[in-house]
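Observations on chain architecture
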Amino acid sequence: MDIRLYVNQDVVFSTDAELYRDVYKTHIVGVYPDRLELALSLHKGYLMMLPVGTTVRWVEPPAIKGKSSVVIDRQMARHVWCVDLPDARSESQSKKTRVMAVGSGKGGVGKTTLSINLATTLQKMGYRVAVMDADIGMANIEVLLNMKCRYNLTHVLKGECQLTDILTEGPLGIQVIPGSSGVVAFTDLNPLQFNRIISGFIQLDQVCDFLIVDTGAGISELVLKFLESADDIVLVTTPEPHAMLDTFAITKVLYSRNKMISPKIVFNKCESENEAKKSANKFINAVTDFLQRRPEYLGWIFEDKRVGKSLKSKEVISLLYPDIEFSRQIENIAQSLVGTKTVFEQQGGIVSFFNKLKRNYG
């Protein structure tokens, strides 16, 4: 086993056992060629009695984060329990989820509509997609998809349930992660809360191709952190001058914070492709002239009155009308995203995304 583990090293883990639905900490008692011996942990004042066969998912240390083991023995007399060696399929070798954060300089430009329709379009293309509602205090995705979510990220942070318990299936099988006020807490996570979040997203990172994070509008600190921590930044604007000005402002702030990022721009509510291209050229030239950077033009979306009707009926317009111009443009944007590489040589995935959030706020 090419993993550096040693006696007395602390380890953090979660399990698939029904009675143990939180994140726990123990230390290594012995390291052997075929197993690890761990000290028995306490849970609510009692020794944890994990059944043989229970899957243990490792959260810390980094050498085994994202890997799993199976409980193979319990030796009560010695106060230890044994697991097989961490799964050889390492996090770095496995396919990671691509995290896309969708933002806008102002509200009302269609950011959440794009997030939902992009998610269902990618799902229809054969990708596995999850959407996280990170718009503080505005559970827009739940409302627009007519969902009633009993739990959200707040309950995960409190240890009342795990991430898998709050995942809600949406149209075509996309997975929706209700955020609510739990997203605010990302700015001030203690180690236990952070591990609770990470333990759930480690699992999601292995079974999901895309995570779309629907952020709030504007340039609040939390929105900026979500955007700059993602693999891809998608900014939504319209041809209206004040919308373009607000998008220029958020682009300027993002560039000033991290010169390595490269936002992708989508123009929504366009009357024609000609209007979209003129607006995009005007915006890109302004950014190039004043900021000496050139954002990527990702595509445009046709203004269609049926969008408003679909929002009122709580249905996804690209599923209702797959052949209209609006839906074709969403598909073009999805294909462009799939065909482009992320800013960095290697995308980070979900765990890297949350590690960046933690580091930025720490």
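Let us look at the structure shown here. In this text, all values refer to a predicted model and were calculated from it rather than measured experimentally. (Residues numbered from 1 in each chain as written. Predicted model: local features only at pLDDT ≥ 70, side-chain atom pairs only at ≥ 80, totals over all residues. Heavy atoms only, no water.)

1. Focus on the pairing of strand β8 (residues 80-83)
- Judged by which residues are buried, β8 turns out to be covered on both faces: Val80 and Cys82 on one side and Trp81 and Val83 on the other are all buried.
- Here strand β7 (residues 68-75) runs beside β8; their pairing, made up of four bridges, is antiparallel. In the strand pairing of β8, aspartate 73 is matched with cysteine 82.
- From the end of β7 to the start of β8, which pair antiparallel, there are four residues, and histidine 79 there has a positive phi angle of about 60°. (Buried < 20%, exposed > 50% of the residue type's maximum accessible area, 1.4 Å probe, protein only. Helix = DSSP H or I, 4+ residues; strand = E, 2+ residues; numbered from the N terminus. Pairing = 2+ DSSP bridges.)

2. Digging into the packing of aromatic side chains
- By the definition in use, this model includes eight aromatic pairs.
- Through successive ring pairs, a cluster of aromatic residues spans Phe13, Tyr20, Tyr24, Trp58 and Trp81.
- If you follow arginine 35 out to its NZ or CZ, it ends over the ring of tyrosine 32, 4.0 Å from the centre.
- Over the face of the ring belonging to tyrosine 321 we find arginine 306, whose NZ or CZ atom lies 5.2 Å from the ring centre. (Phe/Tyr/Trp six-rings, centres within 6.5 Å; stacked < 30°, edge-to-face > 60°. Lys NZ or Arg CZ within 6 Å of the ring centre and 35° of its normal.)

3. Structural notes on the sheet that holds strand β12 (residues 175-177)
- The eight strands are arranged β11-β12-β10-β13-β9-β14-β15-β16 in an open sheet whose pairing can be described as mixed. Of all the strands in the sheet, just β11 (168-169) and β16 (296-302) have a single pairing partner and so form its edges.
- Relative to strand β14 (residues 232-237), strand β9 (residues 98-104) runs parallel, the two sharing five bridges. Bridge assignment links methionine 100 to a residue of β14, and that residue is aspartate 232.

4. Here we look at the nonpolar core
- If you look at the biggest cluster of nonpolar residues, it comprises 53 residues, and the most contacted ones within it are Met132, Ile177, Phe201, Leu211, Val213, Phe353 and Phe354.
- Residues in contact with phenylalanine 353, not counting those within four places in the same chain, are Val99, Met132, Val213, Phe226, Ser229 and Ala230. (Core = buried A, V, L, I, M, F, W, Y, C linked by side-chain atoms within 4.5 Å. Contact = heavy atoms within 4.5 Å.)

5. A closer look at the environment of valine 207
- You can see valine 207 is positioned in helix α5 (residues 191-207).
- Residues valine 207 and lysine 96 lie 111 residues apart in sequence; the distance between their C-alpha atoms is 8.6 Å.

6. As for the packing of helix α6 (residues 221-229) against helix α7 (residues 241-257)
- Two elements in contact, α6 and α7, have axes whose closest approach is 11 Å; the angle formed by their N-to-C orientations is 65°. The handedness of the crossing between α6 and α7 comes out as right-handed. Along the contact surface, α6 presents Glu221, Leu224, Lys225, Leu227 and Glu228, while α7 presents Ile250, Val253, Leu254 and Arg257.
- The class makeup of the residues in the contact of α6 with α7 is five nonpolar, no polar and four charged. (Axes fitted to C-alpha atoms, helices over the stretch in contact; angles between N-to-C directions. Left-handed = near helix turned anticlockwise from the far one by under 90°. Nonpolar A, V, L, I, M, F, W, Y, C, P; charged D, E, K, R; others polar.)

7. Some words on the side chain of glutamate 228
- Within the element layout of this structure, glutamate 228 appears in helix α6.
- What makes glutamate 228 buried here is its relative accessible area of 11%.
- A polar contact of 3.1 Å, which involves the side chain of glutamate 228, links it to the side chain of arginine 257. (Polar contact = N/O pair within 3.5 Å; in protein donor to acceptor, adjacent residues only side chain to side chain.)

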